Amino acid sequence: MEAYKTVAESQTTLTELMIPSYANFGGKIHGGIIMGLMDKVAYVCSAKHAGAYCVTASVEDIYFLAPVEVGELVSLMASVNYVGRTSLVVGIRVVSENVKTHQIKHTNTSYFTMVAMDEQHQPLQVPGLVLHTDVEIRRFFQGLHRKQLKKYYRQEEDRVKSDFEMTETIELLKGERCRIEKG
Ligand SMILES: CC(C)(COP(=O)(O)OP(=O)(O)OC[C@H]1O[C@@H](n2cnc3c(N)ncnc32)[C@H](O)[C@@H]1OP(=O)(O)O)[C@@H](O)C(=O)NCCC(=O)NCCS
């Protein structure tokens, strides 16, 4: 019988104190530190669901909504939103807490697509997902929708590449902040 797991079984929270060595030249926490933590929590959550080693296949846009300060406590909450055959989408919400005032701000949310791998490094089927709540059903549906949109965008990109026509393109670039100086 096909295996299924609940969302709760793999839900993961990673919490880390933001120390001075994580700061950028502006004194705020480097975006790459947050992205690295997101990749870590996505790995743990996906490996728990898959019961196997997982690799990061792609990452959705990451919008940094608010800067993170040195001394804040960052928590990354991850849960499986959607599963395909060998891939799964982990939704991650990142919040940052001022430990003195307990004020919490939402700093970003993103979706990581992870692929489970077997011992021969081939994609491995992941368990299906049991959806218990309205939120879980909505997230699963949004994951499916995002996958379909991505497929559409990829096809559009291929089309734009294959239909590329120089004279028409130069016309379309009029009004953009570029100066064409080709010889
Ligand atoms: C991710 C990877 C395993 C996919 O391999 P592949 O040969 O394309 O495998 P498949 O075509 O069988 O696809 C496997 C699954 O991955 C999904 N997938 C592949 N590329 C993807 C991408 N860029 N974004 C989202 N999903 C992707 C496929 O849709 C498929 O999902 P499904 O089984 O749920 O339908 C392979 O590209 C890889 O090893 N990439 C490097 C991963 C890595 O090293 N990550 C760390 C980067 S620092």
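Note that the coordinates shown come from a computational prediction; the quantities given were computed from them, not determined experimentally.

As for the sheet that holds strand E6 (residues 104-117)
Taking strand neighbours across the sheet as the criterion, the 5 strands line up as E2-E4-E5-E6-E3 in an open arrangement whose pairing is antiparallel. Strands with a single pairing partner mark the edges of an open sheet, and in this sheet they are strand E2 (12-17) and strand E3 (53-59). Going from strand to strand, the sheet's axes swing by 30° on average, the running direction of each strand aside. Of the strand pairs in this sheet, E3 and E6 are connected by 6 bridges, and their pairing is antiparallel. Following the sheet pairing, Val59 is matched in E6 by Phe112. The sheet strands contacting helix H2 (residues 134-162) are strand E4 (73-83), strand E5 (87-97) and E6, and the helix crosses E4 at an angle near 75°.

Brief notes about the site of the ligand
Around the ligand, the neighbouring residues are Val55, Thr56, Ala57, Ser58, Gly84, Arg85, Thr86, Ser87, Thr113, Val115 and Pro123. Of all the secondary-structure elements, those providing two or more residues to the shell around the ligand are E3 and E6. Here the residues of the shell around the ligand sort into 4 nonpolar, 6 polar and 1 charged.

Quick word on H2
Helix length check: H2, at 29 residues, gives a terminal C-alpha distance of 42 Å against a target of 42 Å (1.5 Å per residue), a fit within 8%. Burial analysis of H2 places just 2 of its 29 residues in the buried class, which makes it a mostly uncovered element.

Quick notes on the UniProt feature "domain: HotDog ACOT-type" (unreviewed entry) in the chain
UniProt's feature table lists "domain: HotDog ACOT-type" (unreviewed entry) at residues 8-120, given in the numbering used throughout. Helix makes up 18% of residues 8-120 and strand 43%, whereas the separation of the span's terminal C-alpha atoms amounts to 29 Å.

Let's talk about unusual backbone geometry
If you check the backbone angles, His102 has positive phi at about 65° while not being a glycine. Within the element layout of this structure, His102 appears in the loop between E5 and E6. Taking the C-beta count within 10 Å as the criterion, His102 has 8 such neighbours and is therefore assigned exposed.

Things to note about the environment of Lys40
Relative to the helices and strands, Lys40 resides in helix H1 (residues 31-50). On the neighbour-count criterion, Lys40 (15 C-beta atoms within 10 Å) is partly exposed. Spatially, the C-alpha atom of Lys40 lies 9.7 Å from that of Leu76, the residues being 36 residues apart in sequence.

Overview of the nonpolar core
Counting residues in each nonpolar core, the largest one holds 30 residues, and the members touching the most others are Met38, Val41, Ala42, Leu76, Leu88, Val90 and Ile92. Elements with a minimum of two residues in this core: H1, E4, E5 and E6. In this structure, Met38 is in contact with Leu76, Ile92, Val94, Ser110 and Phe112, ignoring residues within four places of it in sequence.

Topic: the pairing of E6
Where E5 meets E6, 11 bridges bridge the pair, whose relative direction is antiparallel. Bridge pairing in E6 places Val94 opposite Asn108. In this structure, the hairpin formed by E5 and E6 is closed by a connection of 6 residues, where His102 is found at a positive phi of approximately 65°.

Cut-offs used in this document
- Residues numbered from 1 in each chain as written.
- Predicted model: local features only at pLDDT ≥ 70, side-chain atom pairs only at ≥ 80, totals over all residues.
- Pairing = 2+ DSSP bridges.
- Helix = DSSP H or I, 4+ residues; strand = E, 2+ residues; numbered from the N terminus.
- Axes fitted to C-alpha atoms, helices over the stretch in contact; angles between N-to-C directions.
- Contact = placed C-beta atoms within 7 Å.
- Near = placed C-beta within 6 Å.
- Nonpolar A, V, L, I, M, F, W, Y, C, P; charged D, E, K, R; others polar.
- Expected span 1.5 Å × (residues − 1).
- Buried ≥ 20, exposed ≤ 12 C-beta atoms within 10 Å, placed from the backbone.
- UniProt positions renumbered as here; feature names shortened; annotations may be inferred.
- Core = buried A, V, L, I, M, F, W, Y, C linked by C-beta atoms within 7 Å.

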